[in-house]
Amino acid sequence: MATDSPVTYPCSLTLDVPFPDARLANAALQALRVDKELSALVQRELSAVDSTLKVQYKATTNRMLRVAVNSFFDSLALVLEVMEQLDVDVIEAKKAQEKTG
């Protein structure tokens, strides 16, 4: 009789994605958490701490980790593009603040 061995996740990656403010970090979190990982071989945890989106990936292999993270970056790029188009005032205010010191 075969026993199921627990899945281990030896490959991991942690990302901290900074945003101009906490509101945008939370908006990104809400947009990105909708899509669940398609494979049981990958685990992802998302959270927002202040103005930073925190992402923790764990996978069974480096290949699975790479595929999952590439997909995440595609989704993140889309979220950032929408924010740039629809939330111009916040992003422009942050740029102006950085220029003035």
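Residues numbered from 1 in each chain as written. Predicted model: local features only at pLDDT ≥ 70, side-chain atom pairs only at ≥ 80, totals over all residues. Heavy atoms only, no water.

**Regarding unusual backbone geometry**
Argument step 1. Positive phi is not limited to glycine here, since Asp50 has a value of about 55°.
Argument step 2. One can find Asp50 in the loop between β2 (42–49) and β3 (52–59). (Helix = DSSP H or I, 4+ residues; strand = E, 2+ residues; numbered from the N terminus.)

**Things to note about the pattern of salt bridges**
Argument step 1. Inspection of the entire model under this criterion finds two salt bridges.
Argument step 2. Note that Asp16 is salt-bridged to Lys54, the shortest N-O span being 3.2 Å. Of this pair, Asp16 sits in strand β1 (residues 11–18) while Lys54 sits in strand β3, placing them 38 residues apart in sequence.
Argument step 3. Judged by relative accessible area, Asp16 falls into the partly exposed class, the value being 47%.
Argument step 4. On the basis of relative accessible area, Lys54 is assigned to the partly exposed category, the value being 29%.
Argument step 5. Ionic pairing is found between Arg44 and Glu37, a salt bridge with its closest N-O pair at 3.5 Å. (Salt bridge = Lys/Arg side-chain N within 4 Å of Asp/Glu carboxyl O. Buried < 20%, exposed > 50% of the residue type's maximum accessible area, 1.4 Å probe, protein only.)

**Concerning the environment of Gln43**
Argument step 1. Within the fold, Gln43 resides in strand β2.
Argument step 2. Residue Gln43 is classed as partly exposed on the basis of its relative accessible area, which comes to 37%.
Argument step 3. When the C-alpha positions of Gln43 and Tyr9 are compared, they lie 8.2 Å apart, and in sequence the two are 34 residues distant.
Argument step 4. Ignoring any residue separated from it by four or fewer positions in sequence, one finds Gln43 in contact with Tyr9, Gln56, Tyr57 and Lys58. (Contact = heavy atoms within 4.5 Å.)

**Remarks on the packing of helix α1 (residues 22–32) against helix α2 (residues 62–86)**
Argument step 1. Running from N to C, α1 and α2 cross one another at 130°; their axes reach a closest spacing of 10 Å. In terms of orientation, α1 lies oblique with respect to α2. Judged by the twist between their axes, the crossing of α1 over α2 is right-handed. Counted together, Leu24, Ala27, Ala28, Ala31 and Leu32 of α1 and Phe72, Ser75, Leu76, Val79 and Met83 of α2 form the full contact between these two elements.
Argument step 2. For the contact of α1 with α2, a count of residues per class yields nine nonpolar, one polar and no charged. (Axes fitted to C-alpha atoms, helices over the stretch in contact; angles between N-to-C directions. Parallel < 35°, antiparallel > 145°, perpendicular 65-115°, else oblique. Left-handed = near helix turned anticlockwise from the far one by under 90°. Nonpolar A, V, L, I, M, F, W, Y, C, P; charged D, E, K, R; others polar.)

**Regarding α2**
Argument step 1. Here α2 spans 36 Å end to end across 25 residues, near enough to the 36 Å set by a 1.5 Å rise per residue.
Argument step 2. Here α2 has its buried residues at Met64, Leu65, Ala68, Val69, Phe72, Leu76, Val79 and Met83. (Expected span 1.5 Å × (residues − 1).)

**Regarding the sheet that holds β1**
For sheets, the rule is that strands pair by backbone hydrogen bonds, running either parallel or antiparallel.
Argument step 1. The antiparallel open sheet is built from three strands, whose spatial order is β1-β3-β2. Among the strands making up the open sheet, the edge pair consists of β1 and β2. Here the average twist between neighbouring strands, direction ignored, is 10°.
Argument step 2. As defined by bridge partners, β2 adjoins β3 across eight bridges and the pair is classed as antiparallel. Looking at the pairing, Arg44 lines up with Tyr57 of β3. (Pairing = 2+ DSSP bridges.)

Everything listed is a geometric property; what it means functionally is a separate question.
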